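# Survey of secondary and tertiary structure
The chain contents come next:
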Amino acid sequence: MSKMFRTVRGMRDYLKEDRWRLNYVNSIVRELYYKYNYDEVSTPIVEFFDLVAAKAGAEIREKMFVFEDKGGRLLALRPEMTAPIARLYIENLMRSAPKPVRLGYIGTCYRYDNPQRGRYREFWQAGFELFGSDYPESDIEILNIAYDLMGKLGFTEFKIKIGHIGVLRSFFSVIKIPDELQDTILGLLDKREMGKIEEIMKENNIPENAVKLFYNILNLKGKEYTTIINQLNNLLSEYPEVLGEVEKFTIILQLLSKLDIFKKIEVDMSLARGLEYYTGLIFEIFVEGLDIAVGGGGRYDKLVELFGGEHTPAVGFAAGIDRLIIAMDERNLFRKPLEKKILITPLTPRQIPACFITASKIRELGYKTEVDVLRRNIKRALSYAVSNNYSIIIFIGEKEEKENKVTVKKLDSGEQHTINVEEISSILTPVVNRY
Ligand code: HAM
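Residues numbered from 1 in each chain as written. Predicted model: local features only at pLDDT ≥ 70, side-chain atom pairs only at ≥ 80, totals over all residues. Heavy atoms only, no water.

Here the focus is the overall build of the protein chain. When you go through the protein chain residue by residue, the secondary structure sums to 17 helices and 17 strands. Taken against the 2.2 N^0.38 rule, which gives 22 Å for 435 residues, the C-alpha radius of gyration of the protein chain at 28 Å runs more than 25% over that of a compact globule. Looking at the 435 residues of the protein chain, the share that counts as buried comes to 51%. (Helix = DSSP H or I, 4+ residues; strand = E, 2+ residues; numbered from the N terminus. Rg over C-alpha atoms; globule rule 2.2 N^0.38 Å. Buried < 20%, exposed > 50% of the residue type's maximum accessible area, 1.4 Å probe, protein only.)

What follows covers helix H6 (residues 165–174). Where burial is concerned, most of H6 is hidden: 8 out of the 10 residues are buried. Taken residue by residue, H6 has Ile 165, Gly 166, Val 167, Leu 168, Arg 169, Ser 170, Phe 171 and Phe 172 as its buried positions. At the exit of H6 stands Lys 176, carrying a positive phi of roughly 65 degrees.

To continue, consider the site of the ligand. Taken together, 27 residues are adjacent to the ligand, and Glu 80, Thr 82, Asp 113, Tyr 120 and Tyr 278 come closest. One of the side-chain N or O atoms of Glu 129 is found 2.9 Å from a nitrogen atom in the ligand. In the environment of the ligand, a nitrogen atom lies 2.6 Å from a nitrogen or oxygen atom belonging to the side chain of Tyr 278. Here the ligand, which alone exposes 650 Å², has 96% of that area covered by the protein. (Near = heavy atom within 4 Å. Polar contact = N/O pair within 3.5 Å; in protein donor to acceptor, adjacent residues only side chain to side chain. Areas by Shrake-Rupley, 256 points an atom, 1.4 Å probe, with all protein chains shown as cover.)

What follows deals with the sheet that holds strand E15 (residues 392–396). Strand order in this open sheet of 5 strands is E14-E13-E15-E16-E17, and the pairing throughout is mixed. At either end of the open sheet lies a strand with only one pairing partner, and these are strand E14 (368–371) and strand E17 (416–420). Taken pair by pair, the neighbouring strands of this sheet meet at an average axis angle of 25 degrees, ignoring direction. Relative to E17, strand E16 (residues 405–410) is paired through 5 bridges, and the arrangement is antiparallel. Bridged to Val 406 within E17 is Ile 419. Most of the contacts of helix H15 (residues 378–387) go to E15, to which it runs at about 165 degrees, and overall it touches strand E13 (341–346), E14, E15 and E16. (Pairing = 2+ DSSP bridges. Axes fitted to C-alpha atoms, helices over the stretch in contact; angles between N-to-C directions. Contact = heavy atoms within 4.5 Å.)

For the structure on display, the rule yields 29 salt bridges. For Glu 141, the salt bridge is made with Arg 102, and the minimal N-O distance between the two is 2.7 Å. A residue pair is termed long-range when its members are at least 10 positions apart, and Glu 141 in helix H5 (residues 136–153) and Arg 102 in strand E5 (residues 101–110) qualify at 39 residues. Residue class for Arg 102 comes out partly exposed when judged on its relative accessible area of 23%. Residues participating in the shared-partner salt-bridge network are Glu 17, Arg 21, Asp 329 and Lys 336. (Salt bridge = Lys/Arg side-chain N within 4 Å of Asp/Glu carboxyl O.)

Our focus in this paragraph is the sheet that holds strand E3 (residues 66–68). On the basis of which strands lie adjacent, the open sheet formed by 3 strands has the order E2-E4-E3 and antiparallel pairing. Both outer strands of the open sheet, strand E2 (46–48) and E3, are each paired with one neighbouring strand and no more. Each strand of the sheet is rotated relative to its neighbour by a mean of 40 degrees, with strand direction disregarded.

A few words now on the environment of Ala 54. Turning to its location among the elements, Ala 54 is positioned in the loop between helix H2 (49–53) and helix H3 (58–62). In this structure, the C-alpha to C-alpha distance between Ala 54 and Ala 83, residues 29 residues apart in sequence, is 8.6 Å. Setting aside anything within four residues of it in sequence, one finds Ala 54 in contact with Arg 61, Glu 276, Leu 306 and Phe 307.

Contact geometry of helix H1 (residues 16–35) with helix H13 (residues 321–330) gives a least axis separation of 10 Å together with a crossing angle of 105 degrees. Judged on the interaxial angle alone, H13 and H1 are roughly perpendicular. Taking contact as the criterion, the partners of Arg 21, Leu 22, Tyr 24, Val 25 and Asn 26 in H1 are, on H13, Ile 321, Ile 325, Met 328 and Asp 329. (Parallel < 35°, antiparallel > 145°, perpendicular 65-115°, else oblique.)

On to the nonpolar core. In this structure, Ile 162 and Phe 171 are the most contacted members of the largest nonpolar core, which totals 121 residues. Per-element accounting of this core gives the leading share, 9 residues, to H5. For Ile 162, the contacting residues outside a window of four places in its chain are Leu 143, Phe 249, Leu 253, Leu 256, Ile 265, Glu 266, Val 267, Asp 268, Leu 271, Leu 281, Ile 282 and Phe 283. Core analysis: the second largest hydrophobic core is formed by 18 residues, Ile 342, Ile 344, Ala 354 and Tyr 367 among them. (Core = buried A, V, L, I, M, F, W, Y, C linked by side-chain atoms within 4.5 Å.)

Turning our eyes to something else, we now look at a nonpolar patch on the surface. A grouping of Ile 45, Val 46 and Phe 67 is seen on the molecular surface, where their side chains present a nonpolar patch of about 210 Å² in accessible area. For Ile 45, the location among the structural elements is in the loop between strand E1 (39–40) and E2. (Patch = residues over 30% accessible without salt bridge, like charges linked within 9 Å, V, L, I, M, F, W, Y side chains within 5 Å.)

Attention now goes to the packing of H6 against helix H9 (residues 208–218). For the pair H6 and H9, interaxial distance at closest approach is 11 Å and the crossing angle is 175 degrees. Regarding the angle of H6 to H9, the classification is roughly antiparallel. Across the interface between the two elements, Leu 168, Phe 171 and Phe 172 of H6 pack against Ala 210, Leu 213, Phe 214, Ile 217 and Leu 218 of H9. In terms of residue class, the contact of H6 with H9 is built from 8 nonpolar, no polar and no charged. (Nonpolar A, V, L, I, M, F, W, Y, C, P; charged D, E, K, R; others polar.)

With that out of the way, let us pick up the packing of aromatic side chains. Scanning the model with the defined rule gives 20 aromatic pairs in all. Plain terms: the ring middles of Phe 214 and Tyr 215 are 5.7 Å apart, the flat faces sit at 40 degrees to each other, and that makes the pair tilted. The partly exposed category is assigned to Tyr 215, whose relative accessible area is 21%. The ring of Tyr 120 is capped by Arg 12, whose NZ or CZ atom sits 3.4 Å from the centre of that ring. We note Arg 21 situated over the ring of Phe 334; from NZ or CZ to the ring centre the distance is 5.0 Å. (Phe/Tyr/Trp six-rings, centres within 6.5 Å; stacked < 30°, edge-to-face > 60°. Lys NZ or Arg CZ within 6 Å of the ring centre and 35° of its normal.)

Any functional reading would require information that these geometric values do not contain.
Here it is, written out as structure tokens:
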């Protein structure tokens with residue numbers, strides 16, 4: 001017996017409705033690429049392991065699909081797209097394109113996650129990356145896009161948690177925690193493994209007062225940003241290097257407080273991200289009913305340089321399309337345009353060309369149109385059309401063909417007319433179906 005193949009665990013086929021939903025979300029993402037002037041680009045799914053592993057963070061690095069090609073190159077399926085987009089920027093745009101460079105992308109990513117609701121091994125991301133500015137207005141632009149995307153998809157209740165890796169890292173640096181250990185601690189913080197963080201602090205003899213101060217910083221969260229900033233300034237008053245980062249965060253928050261998006265913002269100083277390239281603002285988007293983020297991003301001012309480019313500050317974010325689709329489905333946010341399908345049936349094989357000619361005319365009017373390819377007779381064609389939600393069936397028999405006519409039957413009302421082919425547009429008003 002031949003073997004039955006299935007999709008690989010954690011990967012999915014997209015049938016009609018799934019693919020329609022994906023296209024729907026993508027079309028809204030693309031509308032934002034247009035409105036914010038982002039150029040859509042794409043990169044290969046396969047990259048050098050060293051590129052995607054460099055700052056992926058321990059967790060994602062372990063979850064990568066890694067393989068050697070026949071030429072002995074160590075490659076990986078991309079687990080995310082910021083590193084590939086930074087590579088694309090350096091390779092193609094850094095020297096020639098005027099700054100800032102705004103890039104958008106939609107594509108699949110691969111992580112060997114434990115498959116569950118909203119967590120897959122192949123999933124879709126839609127992202128926005130802005131290269132060349134370290135001013136807070138570029139952080140605001142990225143946050144605003146995230147906010148607009150959520151609104152355009154139809155979400156009303158969502159929150160954008162924001163934190164600042166620059167504050168945490170500069171604090172770690174002054175208390176002499178080396179970069180690698182910082183990565184480990186931030187990775188654990190992202191997974192909320194507080195016990196392990198405590199162990200590491202002990203193992204590395206971090207002074208108790210510094211550890212306590214660190215926990216006090218992590219406890220700062222909420223909507224009252226001025227209180228949080230005051231507390232940060234108080235807690236860190238003896239660390240002027242860190243206050244510089246607090247100041248950067250303050251300016252971002254002050255700008256945000258003047259914009260619509262502010263009502264969705266919640267500060268959380270304990271926010272950390274699995275990826276290690278972040279240097280400043282970080283954020284994640286959450287919706288009610290899903291405890292995993294539907295999107296996330298932040299500032300990464302050193303990645304381009306790390307990959308051999310010139311110093312280029314950058315900020316961006318990626319939305320998890322599959323999770324957005326789950327949340328949109330739960331809220332009934334997909335609005336499918338009413339579809340009008342038309343079936344054209346030749347009554348004998350001689351009318352096949354007439355049917356194709358008529359079908360072309362009707363497709364020009366914007367209708368989904370099929371010519372029957374199973375040679376059904378009138379009765380079978382009619383019952384098939386009724387039970388499969390066609391709105392109109394058109395018959396062309398010998399008599400119609402001779403007189404250059406068609407018989408149009410509307411299936412909702414039962415109304416039937418025999419009309420000239422040229423008159424079709426008078427009974428079928430043009431439609432525009434977007435997806
Ligand atoms: P990330 O938070 O790792 O960030 O992924 C972004 C989004 O992808 C997540 O918020 C989530 O919605 C979705 N996602 C992640 N893993 C899975 C999975 N296994 N199944 C389904 N969805 C998933 C990044 O990847 C960064 N590159 C974002 C960024 C862009 N930062 C700056 N620019």
